[in-house]
Each structure stands twice: as C-alpha cells, then as structure tokens.
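The primary structure of each chain is shown beneath.
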Amino acid sequence: MDRRNGQAPAIEAQGLSKAFGGVLALSDVEMSVAPGEIHALVGQNGAGKSTLLRILAGVTRPDSGRVEVKGHETRIRTPKDARRYGIRMIHQELNLMPDMTVAENTFLGGEPRGRLAMIDRRAMRRRTAAILERLGSQIDPMALVSDLPIQDQQIVEIGKALAADAEILILDEPTAALEPSHVRRLFEVLGRFRDGGGAALYVSHRLDEIFELADRLTVLRDGRLAMSSPTSESSRAAVIQAMIGRELTQIFPERGRGVHRTGAARLELENVSGGSLRAATMAVHRGELLGISGVEGSGMRDLPRVIIGDLPITNGQLRVDGRPLRVGNPRGALRQGVVYVTSDRRREGLFAILNTSANIAISTLEARARWGFVDEPAERETVNDLIERLRISPPDPDREARLLSGGNQQKALLARNLATEPTVFIFDEPTRGIDVGSRAEIYAMMRRIVDDGAAVIMISSDQTEVLGLADRILAMRRGAVATELQGGVEERELLDAIL
Amino acid sequence: MGAGLSLAQRGTGALARHRDVVLVFSMFALVVVVASLSLSGFTSVYNVEGMLGASLPLALAAIGQTVVVLTGGIDLSIGSVMSLTAVVGALYIDGENSRLLTGILICVGLGAAIGLVNGLVVTFFRVNPVIATLGTLSIGQGLALTATEVPGGSTSPTLREVVYGHVAGVPAPVFVLVVAFAVAYVVLRRTRFGLHVYALGGDEEGARLSEIRTDLVKTSVYVISGACAGLGGLLLLARLGVGDPVAGQFYLLLTVVAIGLGGIYLFGGRGSVIGTLGGVAILAVLGNALNAADIGAYEQDMIYGLLVIGILAIGSPILRRRIREWSAAVKPADAGTAGAARAGESGPG
C-alpha cells in the first residue's frame, strides 16, 4: 500500500481487472492518488485509461479488485455512489446547462432553499462567488454559461464539483480542447484545489504539460500498470519507453512500390484553417498512403471534416488534381472525387436497417437512376461485384447492415465509396472496434486502392497501424503538421513527434 | 434583415438576454397600433374588456403548455381537456353558485388526473409525448362528447363574473391574468422545481447527472398542464355560459402559436412565461381584429395554421444557423468568387 506523507491515499485502486467480451481491458491494476496531488494518467489508445477512470467514477464495475477512499473500502456501483465518497468525474463533454447562469449550474440539483420553498438566489450567488474565488477565478456567477469560453466552462464544472463537496476529481482529457495558455489557467485552478487538500486524477497525452504541471504520473500499457512515479523522478524518454511494448503484428500488406515519391499530387492543402486546423499544409500523391497521426486536440479529428466541407474553411486553399476544390457539403466533395470513410459507422455512415445492397448503392443511386427511378439490374450488378471484390461476408446483398460484423460493416461503407470511383480516400480510424482478421483485409483493401492510382489519407490514433501501413506519416500538433516521417520508423520516433 | 439578424445573435446585455420578450411585446404594440388605426371602436372600453375576457381560457392553457414545452415535451391533450372540463363543470354546476367550489375542484382534479396519465405514460413507458398526449386528446374528446353531444349545463353567476365582472372598477380578468402569470413566473424562476424544469429541457442527461429527479419533474409538468387546462375549461364555460363539448379543440393550436410568439424554444430549456403572456395578448388582439374585420372562422383556422408554421420556420435554430453560416461564408471572401458561389448555394436553403 502506498502511504506517501504518512497519509492514507485519497483514492486507491487495488488489483482492478475488467474484461469486455473476453478482451482484457484492465488487468490487476494498482494505483493511488494522494490528497494534495495532481496525478496524470498516460497510455496509448486501448491501454485501459478510460476503463480505469470509469471504474473509479462508478460508471463501470470491475470484475475484480477494489477501490479504497481514504483507507476505507468502498462499495461504488453507480456514479451517485462515487459522489457520496466525494469522487467526481468531469467528462470531456461538459455537463453544464448553457442557458443557465454560472451560479445556477454550480448548485443545480442542490440549490440552497430560502423561504416558501423558493431558491435563495442571493446565497447561491454568494457561495458560487466564494467557490470561484477559492479557485482563483474571476468568472461572474451571474454570467450565462453559453457566453463563457470552454476553458471557463471547465472551471465552472470544477466549481460545481466543489459545491457538492468533492475531494477527488477525475478529469478525462481536460486539456485536449484547450490552448496552451488556457491549460495553464486550468492548472492554476487545479493547483488551488490541490492546495486545499484535494486529489486530482487526469488523463492527458501531452507529455510536456504533464512534466510541467503534474505531481505524479502513471503509465498504463495494454491494461497493465507499466510505470508509476513522481514526475520529478521521471523523464519523457522513460514515459515513452513505458508506453511502447506492443508488437507489430504481421497484418500489414507490403508497402507501395515507391510510386508516391514521383506521383502527382492528388489532394493538396495550402495553409488551410478551419475547425481546429491552423494553417495546415500537406499533400497526398497518386499511389500514396499517407498516415496522419496525432493526439486529441491536435487537429487531426477536424482534418477530414474540413476537407469534405463539413466544417467551413476560414482560410487557405484545397486542390484536387491541381484544381481548386470547392466544397460546401459532403455531397459536393463526393462529386469532385473525395471520399470520406467515417470512424463512427453506425452514426455517420451506415444505414443500420437498410440492406447491404442499398447501403452500397446509395451514393450512386442518382447517377444510375432514370427520372428518379432506380435502375435495379445495374445496381445489382455493381453491388454484387463489390461484395465479391471486398469479400463481404455473408455475400448476401439483402442482409440488413446492422446484422453484419463491424469489419463487414466497414467493408460495406468502403464498397459504397468505391462505387463512386473516387480519386482521394480519407479513412478516419478505419479499424476502430474491428477484429484482427478483418483489419488485415481492410489494410489490404486500402493498399489495393492506392496501387490502383488513388491517394489515401488515413487518420488514426492507433500508432501501430500508422507505422505499419503508411508510406509517409505526418504528425499533427496544434492544428498543423509538426513533423514528417517516413513509414516504418521506430514507434518511439512517432510518439515523440505527436506527444 | 440586418436588424433581425442582430437580434438573433447571442448577446450578454440584459436587453439581448430578454430579446424574445422584448420582441413579442414590440409585436404586440405593432398589432395594437395597426388594429386601432384600421378598426373603429377597437379601443373602446367595451371592446378592450371583451378582449381581456376572451383571453382568459387561452392564458391558462398556454401557461400549462409553456411549462411542458420548457422541459422539451408537448401536451396535445390541452384542448380536449378544456372541452371535457367545460362540459363536466357546466353539467355539475348547472347555474348553482353553491356548487362552484366543488365544481372547480372537480375540474382541476380531472385535468390533473389526465395530466398524470400523460406524465406516467411519458416517464414510465417512455412513450413520446406527442403520441402519449395524442392518445389522451382523443380520449378526452370522446369523454366530452359522451357527456353531452350538444352544448349543455350552464355557468353560475359568480363564475360568470370572473370573465365579465369588475372589482373596484377594474375588469376582473385583469386580476386573473396578473395572478396566473405571477404565480407561473415565480414558480418557474424562483423555485427549485422551476429551475429543474429548465434544466430538464436544456439537457436531460445533464439534469440526471446533477441528481435531479427527472421523471418526477417530467410527470409534474403534465399534471400542471392538465390542471391549467382544467381551469381553462372552466373559464371557457364562464365565457360561453354553457358547456360546449367541442369548444376547447381550437385552443391546442392557439397555445402553440402563443408560446411560439412568446419565444419559448420548442425543444425546451429556453424562454420566459412573460413571453407567453405577450403571445396570448397578441392572439387576443388578433382574434378580436379578425372578427371585427368579418373574417370567417374557417379562414381564421387557416391564418392560425399559417402562423404556427411561420413561427416554427422563423424560430428554427437551423434557419439561424444557416443564416450565421451564410454570413460567415460571405464575409471573409466577399471579394472572391468562391465565397459568393458558396453563399449562393446554401442561401435559400
């Protein structure tokens, strides 16, 4: 047991394990956060960070192991239970009411009561001001939350936790959406919280920030504890070393034949700003598979949305095959040969209750239709051809898409887009939630698309995948390309570039 | 266009925060000016008192609808509850002042009971409010017509005075309106329940995470709406003198128009009941003016139908977003042809 400063830890996890459908997400993890400590949790995607946070906050129940608060065993089954122990989780999507004032939000659900069952607004305002002052913040308790910038909203959420007497704050990537100067402000607030004896556990991918601001850090790898030490006794290199360790599996096809070095640029971005992109410049060439790597908040999430016109471009230029790309909406992008395959198949792309055939043909219906009527024989032919080429299983065009496995759903989306014969493919987290076997097939398919002369951009937070598949890698930070790497470099190099 | 745009943008000043209320009362002033200029006798004491009395049933019903819509729901049964309680009240009271008090209790209780059914169906069985209240709409209407197919029963002298009488020289409806809206305002703005109503409409999941008993709040708003409609039915009886089993049906649409005009956001969480008062006032004047201008009941139906569609289209956040995007797209590139072309594409939407 860890007893720093002779005190019982504010919160301590002992032997936590959790499996999801046979896959071990967390295995015998021990860690603790001391009172008066800011503790950073680090690890690659799938390392088990979220699972750990969710168990501590009562959202998920562990299969085995226990959680102690101030040295006492707890029975945490729901977020409400966790709150009773003074644990409060602050999610990435804040739970604030935008149309209410800061004070109303701070005390929502626990409003101070005055006479006649009415809210004592004056007390609410005064106590909110006191809490915010304790946090060193100047936010007006009477301001509407929707008028506050995101960094202030986060502080309101922390104030809300304090109003409910929280002693342990769990923050899921609180800094991902913040500018560096605002990160500092957040940490000043967390510092005040810590100085009052509070304990904070937070997930971050930004190593520089962790070394500057956190007291202690814990690294998870593949669901296991890889390292835990005070930041002052650790180093960037040691943390990256602890994060690495997964082996490159033999599921990646052979790299391209070097066409990309000479191929013409198919899609170019020149100083493009929009969404979280800040003057991003890049090009992807004929026959090239370009990997985009970065952490949350690096701008890589918004990159595809800007390219296809889902987010407005505020500056810069996009070109496809040398011609300016004029996008106003995803349909426009599609017409000009740019295809976006989304990561959230169910929500953004696939029509769950339509059959495979309809899902594949839906983007090309118009081109093939006569006076609005679908040309069914032609549709069938294309669909069957694609089902065969992509080896969608079962090869049944009438099967409802929701009944397909994740990998086959992804293939169906791919088939839809192949049907439009595009020049540029953008894959966003192409293998998230897909089993290894289907992964290999999707990788092979992506390679074939490239070999056929199209250009592929793959955006992925799975560094193994980027390293194993891409011909060239662009590491993004703060909305722009920070570093260019060749495919197949050391994982260490890539992590160093993005973190 | 420019003025409308700046009003539609979010601001921090007090005026901007209450812009919907300011807007609805400006519209009210405009309607009043137009009506008094174009219709003779519009401003006569007789006519003004008539409008005040006529607005009462709608005022009560619209307050109930406001509370429900603020949580993100809707109560379609309001009109048929009004018909039902008007009929039940008329048949029970039947001209006797001595039965007025119990009659009021029966009508409010009946409305609240139907509201409770709505609330439980919505919370317990997770039925969409549109469907749940559509069901009780039909049940309520059926019950009213079962009770009497033709207008029957009658109001009592005291009940009649609520609409047509005076207290200290001031028309009685003024007091009813002031009390009703004051109570609604205080409950919505000054009590925990009221705050939770707004929270529920703003973000149900967030409200639940803040340990608000969302199902209790949700059930309560339908009970309140039912009780309000019950009172509204009684006021309808007071105005018409008899219990008409179909008189309430027009009020459903009118409540939606009133709250729409009043700036109550139809997806919940935003709006003030004072805006609803403005909406009710506009409809009282408009109804009076349309009658004075000799426009028939069927034409009026069409006008209100157009109004509700128009309000929803103008108030739609999608329209506002399109306008915002459009102006954002035009501004940085107003010299460039690409910007102009883009604006042209998404403009008319």
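One can find the structure itself at the top, above this paragraph.
A brief report on the enclosed structure follows. (Residues numbered from 1 in each chain as written. Chains lettered and ligands numbered in written order. Predicted model: local features only at pLDDT ≥ 70, side-chain atom pairs only at ≥ 80, totals over all residues. Heavy atoms only, no water.)

1. With respect to the overall build of chain A
Looking only at helices and strands, chain A features 19 helices and 20 strands. Expected size for 499 residues packed as a compact globule is a radius of gyration near 23 Å; at 25 Å, chain A falls within 12% of this value. Each principal axis of the C-alpha distribution contributes one length, and for chain A these read about 70 × 50 × 45 Å. When each of the 499 residues of chain A is scored for burial, the buried share is 55%. Within chain A, counting contacts between residues at least 6 apart in sequence, those at least 24 apart form 67% of the total. Taken as a whole, chain A presents about 21,900 Å² of accessible surface, with 46% of it coming from carbon and sulfur. A gap of 4 Å separates the mean positions of the 66 positive and 68 negative side-chain charges of chain A. (Helix = DSSP H or I, 4+ residues; strand = E, 2+ residues; numbered from the N terminus. Rg over C-alpha atoms; globule rule 2.2 N^0.38 Å. Buried < 20%, exposed > 50% of the residue type's maximum accessible area, 1.4 Å probe, protein only. Contact = heavy atoms within 4.5 Å. Areas by Shrake-Rupley, 256 points an atom, 1.4 Å probe, with all protein chains shown as cover. Lys, Arg positive; Asp, Glu negative; His and termini not counted. Charge placed at Lys NZ, Arg CZ, Asp CG, Glu CD.)

2. Some details on the interface of chain A and chain B
In this assembly, 24 residues from chain A lie in contact with 26 residues from chain B. Viewed at the interface, chain B and chain A are joined by 3 salt bridges. A salt bridge links A:Arg83 to B:Glu211; its shortest N-O distance comes to 3.8 Å. Counting every contact that joins chain A to chain B gives 8 residue pairs in polar contact (both at pLDDT 80 or more). (Salt bridge = Lys/Arg side-chain N within 4 Å of Asp/Glu carboxyl O. Polar contact = N/O pair within 3.5 Å; in protein donor to acceptor, adjacent residues only side chain to side chain.)

3. Digging into the packing of aromatic side chains
One pass over the structure, following the stated rule, counts 5 aromatic pairs over all chains. Centre to centre, the rings of A:Phe425 and A:Phe427 are 5.5 Å apart; their planes meet at 10 degrees, and the pair counts as stacked. For A:Phe425, a relative accessible area of 1% gives the class buried. Aromatic side chains B:Phe124 and B:Phe125 sit 5.0 Å apart centroid to centroid with 85 degrees between the ring planes, which places their arrangement in the edge-to-face category. The same class applies to B:Phe124 as to B:Phe125, namely exposed. Over the aromatic face of B:Tyr92 sits the side chain of B:Arg99, whose NZ or CZ is 5.3 Å from the ring centroid. (Phe/Tyr/Trp six-rings, centres within 6.5 Å; stacked < 30°, edge-to-face > 60°. Lys NZ or Arg CZ within 6 Å of the ring centre and 35° of its normal.)

4. Quick look at a positive patch on the surface
A surface patch of positive charge is lined by A:Arg122, A:Arg125, A:Arg126, A:Arg127 and B:Arg190. Looking at the positive patch, the element that brings in the most residues is helix α4 (residues 121–134) of chain A, giving 4 residues. Along the chain, the position of B:Arg190 falls in helix α9 (residues 172–190). (Patch = residues over 30% accessible without salt bridge, like charges linked within 9 Å, V, L, I, M, F, W, Y side chains within 5 Å.)

5. Looking at the packing of helix α8 (residues 236–243) of chain A against helix α19 (residues 491–498) of chain A
All names here are of chain A. One can describe the packing of α8 onto α19 by two numbers: an axis separation of 10 Å at closest approach and a directional angle of 120 degrees. Of the possible angle classes, the one that applies to α8 and α19 is oblique. Judged by the sense of rotation from one axis to the other, the crossing of α8 with α19 is right-handed. Where α8 approaches α19, its residues Arg 236, Ile 240, Gln 241 and Met 243 are matched on the opposing element by Arg 492, Leu 495 and Asp 496. (Axes fitted to C-alpha atoms, helices over the stretch in contact; angles between N-to-C directions. Parallel < 35°, antiparallel > 145°, perpendicular 65-115°, else oblique. Left-handed = near helix turned anticlockwise from the far one by under 90°.)

6. A look at the environment of A:Asp215
Residue and element names in this part refer to chain A. Position of Asp 215 among the secondary structure elements: in the loop between α7 (207–213) and β9 (216–221). Spatially, the C-alpha atom of Asp 215 lies 5.3 Å from that of Ile 38, the residues being 177 residues apart in sequence. If sequence neighbours within four positions are ignored, Asp 215 has contacts with Gly 36, Glu 37, Ile 38, Arg 194, Pro 230 and Thr 231. Here the side chain of Asp 215 touches Arg 194 through a polar contact of 2.8 Å, side chain to side chain.

7. Notes on the sheet that holds strand β5 (residues 72–73) of chain A
Residues and elements named next belong to chain A. With antiparallel pairing, the 4 strands of this open sheet are ordered in space as β2-β1-β4-β5. Only two strands of the sheet have a single neighbouring strand rather than two, namely β2 (23–33) and β5. In terms of strand pairing, strand β1 (residues 11–20) meets strand β4 (residues 64–69) through 5 bridges, oriented antiparallel. From the neighbouring strand, Ala 13 faces β4, where its bridge partner is Val 67. Packed onto the sheet, helix α1 (residues 49–56) meets β1, β2 and β4 and runs at close to 120 degrees relative to β1. (Pairing = 2+ DSSP bridges.)

8. Here we look at helix α7 (residues 129–147) of chain B
All names here are of chain B. With 19 residues, α7 should cover 27 Å at 1.5 Å per step; its first-to-last C-alpha distance of 26 Å lies within 8% of that length. Within α7, the full set of buried residues consists of Pro 129, Ala 132, Thr 133, Thr 136, Gly 140, Gln 141 and Ala 144. With its buried residues spanning 160 degrees around the axis, α7 presents them on a single face. The exposed set on the far side of α7, more than 90 degrees from its buried face, consists of Ile 131, Ile 139 and Thr 146. (Expected span 1.5 Å × (residues − 1). Arc of directions from axis to C-beta.)

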